[in-house]
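As a plain string of letters, each chain reads:
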Amino acid sequence: MDFSLTEEQKEFQKLAHEFAKKEIRPVAHIYDESEEFPWEIFRKAAKLGLTSFKFPEEYGGLGINDPVTSMVISEELYWGCAGTAVAILGGTNLAGTSILVAGTEEQKKKYIPMFTDPDNPKLGAMGLTEPGSGSDVASMSTTAVRDGNEYVLNGTKQFITNGGIADIHVIFAQTDKSKGWDGIGAFIVEKGTLGLQMGKKEQKLGVRASHTAQVILEDCRIPLENRLGGEEGSPSYITGLGALKMLESTRPGVGAAALGIARAAYEYALEYAKERKQFGKPIIKQQAIAFKLADMATEIDAARLLIWRAAWMAKNGLPYRRGEGSMSKLYAGDIGMKTTTEAIQILGGYGYIKEYPVEKWFRDAKIYQIWEGTAEIQRLVISRLLEKNG
């Protein structure tokens, strides 16, 4: 058992950390206030391969298919700013992963290079959640009806990262509600397609540099070849349930994001506690503060080990028989919220004002107990697998 990083992993860790430190952190507060998409940072990240490092070389990526390396890079970028890191990795990663996991070879060759182009990188989005369906995915109401050589999509997707501004949307829709999960398909919809439009852009508590909006589909027509995986009977055909299984593989990455936020808050609180004096000594000398920091450090390390274990399992093709992917996302999400809360407490009144960054990290952390499967859903997934597999 070896917990050390390889030299290549250390180089990527350094690259991502320096980018976060020099390019992301200095302007994080600006994008947090304005809620504008950080296009300039996104394009700089693309030049360095930080938007496409995990995509295969044959499609223009860096071919870093080691999930542990991906976790290391994600932690550093989210340490810089969660909202900006979502803009760099979030929606595009979900759309790209969907196409890689479930797409035909033709679809991969056509769309993945759009995401990996360092000079003109395209944005992706995945449309799953709806106004009336979140955790209960199978109850989605968006439909895809075949009409000759086309599919006609109708419905509304809610809380979509890069929704409406993405160049490539992967939209999940019902093709036959009577079939349940088997009646759900995924469809590639390009920006500019008639019937695709952006609805309400959301104003959010945190991760405000990322773009979140409704995606509205009104008689949106796409060619048959845009069905992800092809038609039933084709070698690459996949059901909605099969396509959604990729969410389990992405959960450790969501955990790594929460971990980056937690680490940022912990490091800031630690340095503050060393410098801030009360009752004639630094507050880190006060047991009440010292024990908070001890717990924060311990829990951050525990979260990282859960994330790395899940990534190592994915690398070695081991199934998450006990919900190890969900465990990593669940625990890291909870620790992100706990750590940022305690960081504010350590700073006291200063932690509550915008001049200090811990209040931003607190706001950013909350979503990691909600999106890509709420904490409650993760516990449901884990408990069901424990019942089944022990």
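Above: the structure in question.
Residues numbered from 1 in each chain as written. Predicted model: local features only at pLDDT ≥ 70, side-chain atom pairs only at ≥ 80, totals over all residues. Heavy atoms only, no water.

S.K.: Explain the overall build of the chain to me, please; I cannot follow it from the model alone.
M.R.: Scanning the chain for helices and strands turns up 12 helices and nine strands. Scaling as 2.2 N^0.38, a compact globule of 390 residues should have a C-alpha radius of gyration of about 21 Å, and the chain matches this with 21 Å. Taking the principal axes of the C-alpha coordinates as reference, the chain spans close to 80 × 50 × 40 Å. Partitioning the contacts of the chain with sequence separation of at least 6, the portion at a separation of at least 24 is 73%. If you sum the accessible surface of the chain, you get close to 17600 Å²; carbon and sulfur atoms cover 54% of it. Across the chain, 47 positive and 50 negative side-chain charges occur, with their mean positions spaced 4 Å apart. (Helix = DSSP H or I, 4+ residues; strand = E, 2+ residues; numbered from the N terminus. Rg over C-alpha atoms; globule rule 2.2 N^0.38 Å. Contact = heavy atoms within 4.5 Å. Areas by Shrake-Rupley, 256 points an atom, 1.4 Å probe, with all protein chains shown as cover. Lys, Arg positive; Asp, Glu negative; His and termini not counted. Charge placed at Lys NZ, Arg CZ, Asp CG, Glu CD.)

S.K.: What is the right way to read the packing of helix 5 (residues 82-102) against helix 6 (residues 105-116) from this model?
M.R.: The packing of two helices is summarised by the inter-axis angle and the distance between the axes. Remark: helix 5 packs on helix 6, axes separated minimally by 10 Å, with the N-to-C direction vectors making an angle of 160°. Taken together, the axis directions place helix 5 and helix 6 in an arrangement best described as roughly antiparallel. Here helix 5 and helix 6 pass one another in a crossing that is left-handed. Of the residues in helix 6, those in contact with Thr 92, Ala 95, Gly 96, Ile 99 and Leu 100 of helix 5 are Gln 107, Lys 108, Tyr 111, Ile 112 and Phe 115. Taken together, the residues that form the contact of helix 5 with helix 6 break down as six nonpolar, three polar and one charged. (Axes fitted to C-alpha atoms, helices over the stretch in contact; angles between N-to-C directions. Parallel < 35°, antiparallel > 145°, perpendicular 65-115°, else oblique. Left-handed = near helix turned anticlockwise from the far one by under 90°. Nonpolar A, V, L, I, M, F, W, Y, C, P; charged D, E, K, R; others polar.)

S.K.: Sorry if this is basic, but what is going on with the packing of aromatic side chains here?
M.R.: Going through the model one piece at a time under the given rule, you end up with nine aromatic pairs. Ring geometry for Phe 37 versus Phe 42: centroids 5.9 Å apart, planes at 70°, classification edge-to-face. For Phe 37, a relative accessible area of 9% puts it in the buried group. Judged by centre distance (5.5 Å) and plane angle (85°), the ring pair of Tyr 368 and Trp 371 falls under edge-to-face. Trp 371 gets classed as partly exposed once you look at its relative accessible area, which sits at 21%. Feature note: the residues Phe 37, Trp 39 and Phe 42 constitute an aromatic cluster, connected by ring pairs. Residue placement shows Arg 25 over the ring face of Trp 79; its charged tip is 3.5 Å from the ring centre. (Phe/Tyr/Trp six-rings, centres within 6.5 Å; stacked < 30°, edge-to-face > 60°. Buried < 20%, exposed > 50% of the residue type's maximum accessible area, 1.4 Å probe, protein only. Lys NZ or Arg CZ within 6 Å of the ring centre and 35° of its normal.)

S.K.: Explain the environment of Val 207 here, please?
M.R.: Tracing the sequence through the fold places Val 207 in the loop between strand 6 (196-201) and strand 7 (212-223). Among the residues examined, Val 207 registers a relative accessible area of 2% and is labelled buried. In sequence terms Val 207 and Tyr 78 are 129 residues apart; their C-alpha atoms lie 10 Å from each other.

S.K.: Mind showing me how you'd approach the nonpolar core here?
M.R.: The nonpolar side chains of a soluble globular protein tend to be buried, and buried together. Counting 63 residues, the largest nonpolar core has Leu 77, Leu 293, Ile 346 and Tyr 368 as the members making the most contacts within it. Per-element accounting of this core gives the leading share, 14 residues, to helix 8 (residues 246-275). Other than its neighbours up to four places away in sequence, Leu 293 contacts Tyr 266, Ala 269, Leu 270, Ala 273, Ile 284 and Ile 346. (Core = buried A, V, L, I, M, F, W, Y, C linked by side-chain atoms within 4.5 Å.)

S.K.: Mind showing me how you'd approach the side chain of Glu 299 here?
M.R.: Along the polypeptide, Glu 299 turns up in helix 9 (residues 287-315). Excluding residues that lie within four positions of it along the chain, Glu 299 makes contacts with Tyr 331, Ile 335 and Lys 338.

S.K.: Would you take a moment to explain unusual backbone geometry for this structure?
M.R.: The general pattern is negative phi for most residues beyond glycine and trans for most peptide bonds. Unlike most non-glycine residues, Val 207 shows phi in positive territory, near 35°. Its identity as a non-glycine residue notwithstanding, Phe 279 has a phi of 55°, on the positive side. Tracing the backbone through its elements, the reader meets Phe 279 in the loop between strand 8 (277-278) and strand 9 (281-282).

S.K.: What's the story with a nonpolar patch on the surface in this structure? I'm lost.
M.R.: Together, Met 1, Phe 3 and Leu 305 line one region of the surface with nonpolar side chains, adding up to about 420 Å² of accessible area. Structurally, the position occupied by Met 1 is in the segment before helix 1 (7-24). Met 1 sits in the exposed class, given a relative accessible area of 93%. (Patch = residues over 30% accessible without salt bridge, like charges linked within 9 Å, V, L, I, M, F, W, Y side chains within 5 Å. Salt bridge = Lys/Arg side-chain N within 4 Å of Asp/Glu carboxyl O.)

S.K.: What should I look at first to understand the pattern of salt bridges in this one?
M.R.: Opposite charge on two side chains lets them pair, provided their charged atoms get close. With the rule as written, the count across this model stands at 27 salt bridges. Taking the shortest distance from any N to any O, the salt bridge between Lys 292 and Glu 342 comes out at 3.0 Å. Highlighted residues: Lys 292 in helix 9 and Glu 342 in helix 10 (residues 324-347), separated in sequence by 50 residues. Taking the relative accessible area as the measure of exposure, Lys 292 reaches 22% and is therefore partly exposed. The salt bridge involving Arg 363 is made with Glu 359; its shortest N-O contact spans 2.9 Å. Taken together, the residues span about one helical turn, with Arg 363 and Glu 359 both in helix 11 (residues 358-365) at a distance of four residues. Overall, the relative accessible area of 11% leaves Arg 363 in the buried class. Of the residues examined, Glu 359 reaches a relative accessible area of 12% and is grouped as buried. The structure contains a network of salt bridges with shared partners spanning Asp 32, Glu 33, Glu 35, Arg 208, Lys 354, Glu 359 and Arg 363.

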